[in-house]
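Spelled out, the chains give:
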Amino acid sequence: MMHFKVGEEITKKNFNGEILRLSTSLKSDTVYNGIVTGKKLKGSAYVVLSRYEDMVWHINPERFPKSTHANKKKIDFNTVPKVFLAAAKRAVASAIMKRDAGSTIITSFRFLRTFLSYLDSRNIKQTSDIKPIVAMQYVDYHKSRVSSMTGRTLSAGHLQLLFFAVETLYELLLGTSQEFTYPWPESSATHLAGMSKKGAAQKPKTQVIPEDAFAEIFQFANGYLERSEELMKLLDENDSIREQWAHQAPGSQLRKVNANLKAKGYSGTLAQFNTDINHLEASCWLIIMGTVGIRVHELCEIEKGTHYSKIIDDERYHFIVSRSLKTGEGITSWLSPDIAIKALELMTRLSAPLRDKLSDQIDAKKLAGDNSKAEELERIQHSCMLGVCQRKYNEIDVLNGDTINIRLNKLAKAAGVDWHFASHQFRRTFAHFVVHNQLGDLRYLRDHYKHWSLDMTALYGFDDDLDLELFVDINSTYREKGESIFAHWLDESTPIAGGLKDNLIALRNKDDAVKTYGSREDMIKTVSDSIIVRSTGIAWCTNDTLGCGGGRCEECEHSVIDDSQQYKWEAIYTQQLELREIADQVGPGGTVTIERTIKRCEKVLTELGADMEEIKQKVAACA
């Protein structure tokens, strides 16, 4: 039997033979020494990454987003108690054989290691000694544990992952010499974590970026896009000056660059200019994530030239293409507004110099015979999300989520926006804004979401590569918003007006209606699904025929006006009171309209519980 070393290039036949031996060993519970991970090179060759007997396994980088750091692509078995080393290796090898995503393998190992370390602390030295009482003590321990980061007990989701690792270990060791009794008879990891199947689909906890904060930073970022040609031209000139005067000292080059910036009307120094270029790049990321709904790892997978357009019903639609590890579909596309395409094209131009340097590095590695490193660099050669890693001797690599978050918050600080931005917030925020735009109550940035106003199901039929999960997220958000609105109407403390007022108040008091659906929550979900809700700007409209009586929402049988629209009616009322003071300038017809509108506002505001005298006093004070 041949012994293949780590780093050795071998044939596909030899690699597959080793993996077949590994599979047989796992099934038969026999000792295995040989290849456990490898990576396919161009052509048919493979390079050995790890052997089973190694204490550190390097997972195939193809299983990770390009932005994942090398230290997050490996399993270090030195962190596992020695008595459980065999069980831990078997668990990880099984996950590798199942072709789990790299992040899943790493995360599963982390939670498995927590359990094995707990066993070691209890002086349990073999998995066969894991009894249900031990497993339940493990459950009680973590349920009472307080997180050092949050100062609170662990979340249900965290607990589920901890307990699921125990279940997974049980399943993997079943039928082997290391098997143990099912850890919690008549229960499950999900139930013990406090997450029933119904609870597993609870509303996401990821924060939605407030519309005011998002609009403020979006407008700031768009300002950079509007200045992009000026900034890019100066950037090219700076590079040309450095190249022209490369034979001179760096200080001399710096003075020439600063002089050119000043001559061209730029008010700051080179350091400030470089900050502007960084903000320009971060602005591109923010605009794409905010208007496309792409995840950060999918943003990091974008390569140059990966966008296209289609004519649909005589209108052109743009799409950005990337690789998604979340959906398992690989190459995926996202519907994108014009501003996102402009941002992508700018990203491509900004990252071009680093791609050129990568090409030079690849050629050098090939000349040196380091084909494995050349292949690794070729994997990111066309990326639009490149950066220089100073901790890795200025090596060029794909940016990661942490770096992106730091840069986004530097942009926010420059914009004066009081919100801590995280890249994972943008997808849910995007779905939230799409839904509010469809409801008609998105106050800002409506133009950047209008491409989602058509039937989303029909749109998906035009391109099978579209991110279907994003459609699901939007529909889920739409349903949640509808339930939230309807629940708010049924809350007895909510003041309401409009044509549906009496029906809703009657429904609030009908216990038999609740009994029909089983619970108030079930009633809200069922009824809200049958109601079409959209905003008219001053009321909620439930008319499903799309006909409109014309502007008098408070009298329409399909309307509901709640406290969320009160400030709009107060603004209209204030405006009309101010107009009343100059009624002699608008003529008899204008005066009639003003008085009629004042009465309409007073009726609605009174029903909503507004303090009419206070409003009048504010208007008088400003007169």
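From a predicted model like this one, the values you see are computed outputs, not experimental measurements.

1. A closer look at the sheet that holds strand S8 (residues 330-336)
Inference 1: Spatially, the three strands line up as an open sheet ordered S6-S7-S8, and their pairing is antiparallel. Two strands lie at the open edges of the sheet, namely strand S6 (307-312) and S8, each paired on one side alone. With direction set aside, neighbouring strand axes in the sheet form an average angle of 35°.
Inference 2: Packing of helix H10 (residues 270-292) onto the sheet brings it into contact with strand S7 (315-324) and S8, and relative to S8 it is tilted by some 85°.
Inference 3: On top of the sheet, helix H12 (residues 338-367) reaches S6, S7 and S8; it is set at about 50° to S7, its chief contact.

2. Details of the pairing of S8
Two faces make up the sheet, and in a regular strand the side chains alternate between them.
Inference 1: Most of S8 is tucked away, with five of its seven residues classed as buried.
Inference 2: The sheet contact formed by S7 and S8 spans seven bridges and is antiparallel. Opposite Val321, over in S8, you have Ser333 as the bridge partner.

3. Some thoughts on helix H22 (residues 587-607)
Inference 1: Here H22 is 21 residues long and its end C-alpha atoms lie 31 Å apart, about the 30 Å a rise of 1.5 Å per residue gives.
Inference 2: For H22, the complete set of buried residues consists of Ile594, Thr597, Ile598, Arg600, Cys601, Val604 and Leu605. One side of H22 carries all its buried residues, which in axial view fall inside an arc of 165°. Away from its buried face by more than 90 degrees, H22 exposes Pro588, Lys599 and Thr606.
Inference 3: The inward-facing, buried residues of H22 abut strand S11 (496-497), strand S14 (559-562), helix H21 (566-580) and helix H23 (612-622).
Inference 4: Of the residues flanking the end of H22, it is Gly609, one or two places downstream, whose phi is positive at about 85°.

4. What to know about the sheet that holds strand S13 (residues 540-541)
Inference 1: Taken together, four strands build an open sheet; the order of strands is S11-S14-S13-S12 and the sheet is antiparallel. Of all the strands in the sheet, the pair left with one neighbour each is S11 and strand S12 (534-535).
Inference 2: As paired strands, S11 and S14 are joined by two bridges and run antiparallel to one another. Counterpart to Ile496 in the pairing with S14 is Asp562.

Parameters at a glance
Residues numbered from 1 in each chain as written. Predicted model: local features only at pLDDT ≥ 70, side-chain atom pairs only at ≥ 80, totals over all residues. Heavy atoms only, no water. Pairing = 2+ DSSP bridges. Helix = DSSP H or I, 4+ residues; strand = E, 2+ residues; numbered from the N terminus. Axes fitted to C-alpha atoms, helices over the stretch in contact; angles between N-to-C directions. Contact = heavy atoms within 4.5 Å. Buried < 20%, exposed > 50% of the residue type's maximum accessible area, 1.4 Å probe, protein only. Expected span 1.5 Å × (residues − 1). Arc of directions from axis to C-beta.

Distances and angles like these do not, on their own, reveal function.
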